[in-house]
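Listed below are the residues making up each chain.
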Amino acid sequence: MVAPAVAHAAIWIAVPVLATLVLSFTDYRVFAAPRWIGFGNYVEIWHDQVFRKATWNTVVYTFFTVPFSMGIAVVVAVLLNQKLRLRTAYRAAFFLPQVTATVAIAMVWLRIYNPQFGPLNGVLSFFGVPGRAWLADPDWALWSVIVVGVWQGIGLKMLIYLAALQNVDENLYEAAAIDGASPVRQFFAITLPMLKPATFFVFVVSIIGAFQVFDLVYVLTDGGPANATTMMTYEVYRSAFQDFRMGMACAQSVVLFAFLLFLTIVNRRLTRSDEK
Amino acid sequence: MTATAPAIRARPAPTAAQARRRRLLVRVGLHLLLALGAVTMIVPFVWMLLTSVKSPAELASFPPTFWPDEWVWSNYSGAMQAAPFATYFRNSLIIATGHTLITLLFGSLAGYALARIPFRGRELLFLGFIAMLMIPTYTKIVPQFLIVRFMPLSGGNDLFGQGGSGWLNTWWALLIPGGLSPFAIFLFRQFYLSLPRELEEAARIDGLGELRIWAQIYTPLIKPAVATVALLTFQESWNNFLWPLLVTTRDELRVIQVGLAVFQQQENTAWHHLMAGTTLATVPMVLLFLLAQRYFIQGFTQAGIK
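Residues numbered from 1 in each chain as written. Chains lettered and ligands numbered in written order. Predicted model: local features only at pLDDT ≥ 70, side-chain atom pairs only at ≥ 80, totals over all residues. Heavy atoms only, no water.

## A short note on the overall build of chain A
Note the following rule: Only DSSP runs of H or I with at least four residues qualify as helices, and only runs of E with at least two residues qualify as strands; both kinds are numbered from the N terminus onward. We call two residues in contact when some of their heavy atoms are within 4.5 Å. Only the protein chains shown count as covering a residue, and every accessible area follows the Shrake-Rupley method with a 1.4 Å probe. Charge assignment: positive for Lys and Arg, negative for Asp and Glu; neither His nor the chain ends contribute. Just so you know, the charge point we use is NZ for Lys, CZ for Arg, CG for Asp and CD for Glu.
Check the secondary structure of chain A and you find 13 helices and two strands. Considering only residue pairs separated by 6 or more positions, chain A has 67% of its internal contacts joining residues 24 or more positions apart. In the structure as shown, chain A presents an accessible area of about 12,600 Å², 67% of it carried by carbon and sulfur atoms. Counting 19 positive and 15 negative side-chain charges, chain A places the centres of these two groups 2 Å from one another.

Structural data, given as C-alpha cells:
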C-alpha cells in the first residue's frame, strides 16, 4: 500500500537530491554529457559578485520580513485570542493573502507600486509627498519587495500563534491581574515567555520559506534593477533555465541548502540550551 | 512607572460605571486596531477588483480613482480574447483536481500503512518521509526538470532519453511529479494514528483485508481530515508557479499563474486585462477559503504545529 508513495518519493525527491549533489561537481550544459570539474562551480560561486549580491539580498529579505511579520502576527493573535465579535472575520482577513497565489498578489502590488498610475504614489501626492518609481529604484526596490513579503507573511504566523495561545494557562493572567499587572505588562511577562517554543518554531519555518522567495521577485522586479532584488533562488533559476548551466545551478542550490541547514541547526541549538 | 512598581499601594476601587466605561473604551480601541489591520490586508484585493472593471482611459489618469467612474465588465471578455485565460483557467482546474485526487488516494494509502500495518522497516520508512519533507524545493528542482526532459520513450525520446523532449509540454509533467507530497502522507499518518486500535483488530478477526479496512472502516472516520488535505492540496496546486513555468512553453498547457505572468511580460500596459486575469486567478481560492474556512484553518494549524 505504501509502495506507490515510496516509488514516487524515490524518483522525484531522493534521486533528485542526490543528483543535485553529484551534478554540482560537474559542468553540465544539457546537450553535452556532464564533465567532472571538482569544486570548479563552488570556486566560481565564491568569486561571483552577482551571487554574492543575491545571497546578501536573500539574507536582508529574510531578516526583515520574518521578524516584522512575526511581531505583527503575535500582536494580532493576542488581540484575537478572546471572545470578540467579528473574530472569524478578522482572522479570515489576515489569512487571505496566505491562500491566494503569490503571482496574482504580486500583480496587484505591481499596480499599487506603479510610478505613473499607482495608488501608492496617488496617496502620497495627496499629502504632498513626491512619489517614486518604487520597484525601479535600486535604493527602494528591495524594501518594496520586503513590504509585500511582510504583508503576505502575517497570516500563517498569526494562525500558529493563535493555536499556541490555546495552551497558555488562563490562571496566570488572573494571578497577574490580581497583582495589578497591566495588560501590556502581562503581554511581556506572561504571553511572550509562554509563546517561546511557538516563536522558535515559527522562526525556523518562516526563515526556510523566506529564503526560497521566488514568485514575488519574478513578477515584481525580475531581480532588477541592476540585481538589486535578485535572490539565491533567482540565480539558481537563471543558471539552469536561462544559461542552461545545470551543474552551476545545482552547486548554487547546494549553497542555498547549506544556509538553510546551518540556520536550522543554530536555531535548534538555541532552543535546546534554552530548555535546559 | 506605576506598572513596574510592586502593587502594594491599593488603588482606589473604581466605581462600576467607571469600570464599564473603561471596558467599553478598550473594546472600541481593540476593534479599531483590528479593523485597521484587516482593511490593510483586504484593500489590495478590493483594489484588484475595482481596477479590473475600470476603462483603460480611467486607469491612465493620475491621481488614480478608487471607485470606478463606470463599471466596464467587458474587460473580462476582452481579457479572454487578448489571452487564452479560459484555457489557463481550465488547465489549472484540471491539474489542481488531478493533484488532489492522486494525493487523496496514494497519500491516504501510504499514511494508513505507516500508521496501522506493522511491517519491517516501517519506522525507517517513516523517518525517510520526514527527511524528504524537509528538502527545500530548490534542492531538487534541477534534476526533476532533467528527469522530465530525458524521460525514456516519451515525447520522441529513445530508451535512453535522447532525441526528443520527454515529458516537457505534456500533462504528465504537470500532474505526476507534484502529484504526491510527503507532507500529505505525514498528515494522513497522524490522522490514522489518532483512531482507536480495537477497530482494526475486530475487522481483522472478521477476516477483512487491509484494503477493505482502509476503505470501509478507517477512512470514513477521518472525513474532516480528508477534506483538510484535499483543500490544502488543491490550494497549493492552484497557486503553484515555478514548476509549471519550467515544464510548459505552449499556451494550451499553461496554468493560470504562468499565463498571467506571461501576459504581464508581453502586454505590460494592458492593466484592465491584467487585473481581470488576476481576479480570475484569485477568486476561486478566495471563495474556497471563505466557504471552507474551518478546514483551511485546521489544516494550516496542523501543518504549522506538526
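## Here's the deal with helix 4 (residues 87–99) of chain A
To be explicit about the condition: Here the expected span of a helix is defined as 1.5 Å times the quantity of residues minus one. Relative accessibility under 20% of the residue-type maximum defines a buried residue, over 50% an exposed one, and the middle range a partly exposed one, all with a 1.4 Å probe and only protein chains included.
Helix length check: helix 4 of chain A (13 residues) gives 18 Å between terminal C-alpha atoms against 18 Å at 1.5 Å per residue, within 8%. The set of residues buried in helix 4 of chain A consists of Tyr90, Arg91, Ala92, Ala93, Phe94, Phe95, Leu96, Pro97 and Val99 of chain A.

## Observations concerning the interface of chain B and chain A
Put simply, the rule reads: Defined here as a combined quantity, buried area equals the accessible surface (1.4 Å probe) lost by two parts on assembly, summed across both. The rule for a salt bridge is simple: a side-chain nitrogen of Lys or Arg has to be within 4 Å of a carboxyl oxygen of Asp or Glu. Pairing of N or O atoms within 3.5 Å defines a polar contact, subject to two protein rules: one partner must be a possible hydrogen donor and the other a possible acceptor, and residues neighboring in sequence count only if both atoms are side-chain atoms.
Counting residues at the interface gives 89 residues for chain B and 85 residues for chain A. Both sides together, the interface formed by chain B and chain A hides about 7,500 Å², and carbon and sulfur atoms give 78% of it. Three residues, Leu34, Met41 and Tyr138 of chain B, lead the burial of chain B against chain A; their summed loss comes to 11% of the area buried on that side. In this assembly, chain B and chain A are joined by zero salt bridges. Between chain B and chain A we count 16 residue pairs in polar contact (both at pLDDT 80 or more) in total. Sort the elements by how many residues they give to the side of chain B that touches chain A and helix 1 (residues 16–51) of chain B lands first, with 16 residues.

## Observations concerning the environment of Leu253 of chain B
Residue and element names in this part refer to chain B. Mapped onto the elements of the fold, Leu253 is located in the loop between helix 12 (242–247) and helix 13 (256–266). For the pair Leu253 and Val26, spaced 227 residues apart in sequence, the C-alpha to C-alpha distance is 54 Å. Leu253 has contacts with Asn91, Asn169, Thr170, Trp171, Leu174 and Thr248, leaving out every residue within four places of it along the chain.

## Topic: the domain arrangement of chain B
All names here are of chain B. Rule in force here: By convention here, the domain bounds are inherited from an automatic or database domain assignment. Ten residue types, Ala, Val, Leu, Ile, Met, Phe, Trp, Tyr, Cys and Pro, are classed as nonpolar, four, Asp, Glu, Lys and Arg, as charged, and the remainder, Gly among them, as polar.
Along its sequence, chain B is carved into domain 1 (17–51) and domain 2 (74–305). Both faces considered, domain 1 and domain 2 share a buried interface measuring about 430 Å² in area, 78% of it formed by carbon and sulfur atoms. Considering only the side of domain 1, the residues that lose the most area to domain 2 are Met48, Leu49 and Thr51, jointly responsible for 88% of the buried surface there. On the surface where domain 1 and domain 2 come into contact, there are zero salt bridges. Connecting domain 1 to domain 2 are zero residue pairs in polar contact (both at pLDDT 80 or more). Grouping the constituent residues of the side of domain 1 that touches domain 2 by class yields three nonpolar, one polar and no charged.

## Notes on the pattern of salt bridges
All names here are of chain B. Summed over all chains, the structure comprises twelve salt bridges over all chains. Taking the shortest distance from any N to any O, the salt bridge between Arg197 and Glu201 comes out at 3.3 Å. Of the charged contacts, one joins Glu252 and Arg250 as a salt bridge, the two residues approaching to 3.0 Å between their closest N and O atoms. With a relative accessible area of 37%, Arg250 lands in the partly exposed category. When salt bridges with common partners are traced through the structure, they connect Arg116, Glu200, Arg204 and Glu210 into a single cluster.

## Some words on the environment of Pro119 of chain A
If you trace the backbone, Pro119 of chain A turns up in helix 6 (residues 119–126). Measuring from C-alpha to C-alpha, the distance between Pro119 of chain A and Trp109 of chain A comes to 9.9 Å, with ten residues separating the pair along the chain. With residues up to four places along the chain from it excluded, the contact list for Pro119 of chain A reads Arg111 and Ile112 of chain A together with Trp47 and Pro64 of chain B.

## Quick look at the packing of helix 5 (residues 102–112) of chain A against helix 14 (residues 271–291) of chain B
Note the threshold: All axes are obtained by fitting lines to C-alpha atoms, using only the stretch in contact for helices, and the reported angles, taken between N-to-C directions, cover 0 to 180 degrees. Working rule for angles: under 35 degrees goes down as roughly parallel, over 145 as roughly antiparallel, 65 to 115 as roughly perpendicular, anything else as oblique. Here is the rule for handedness: rotate from the far helix to the near one, and if that takes an anticlockwise turn smaller than a right angle the crossing is left-handed, while a clockwise turn gives right-handed.
Contact geometry of helix 5 of chain A with helix 14 of chain B gives a least axis separation of 9 Å together with a crossing angle of 150°. As judged from the angle between their axes, helix 5 of chain A and helix 14 of chain B are roughly antiparallel. Crossing of helix 5 of chain A against helix 14 of chain B: the hand is left-handed. Contact with helix 5 of chain A, carried on its side by Ala104, Met107, Val108, Leu110 and Arg111 of chain A, involves Trp271, Leu274, Met275, Thr278, Ala281 and Thr282 of chain B of helix 14 of chain B and no other residues of that element. Here the residues of the contact of helix 5 of chain A with helix 14 of chain B are counted per class, giving eight nonpolar, two polar and one charged.

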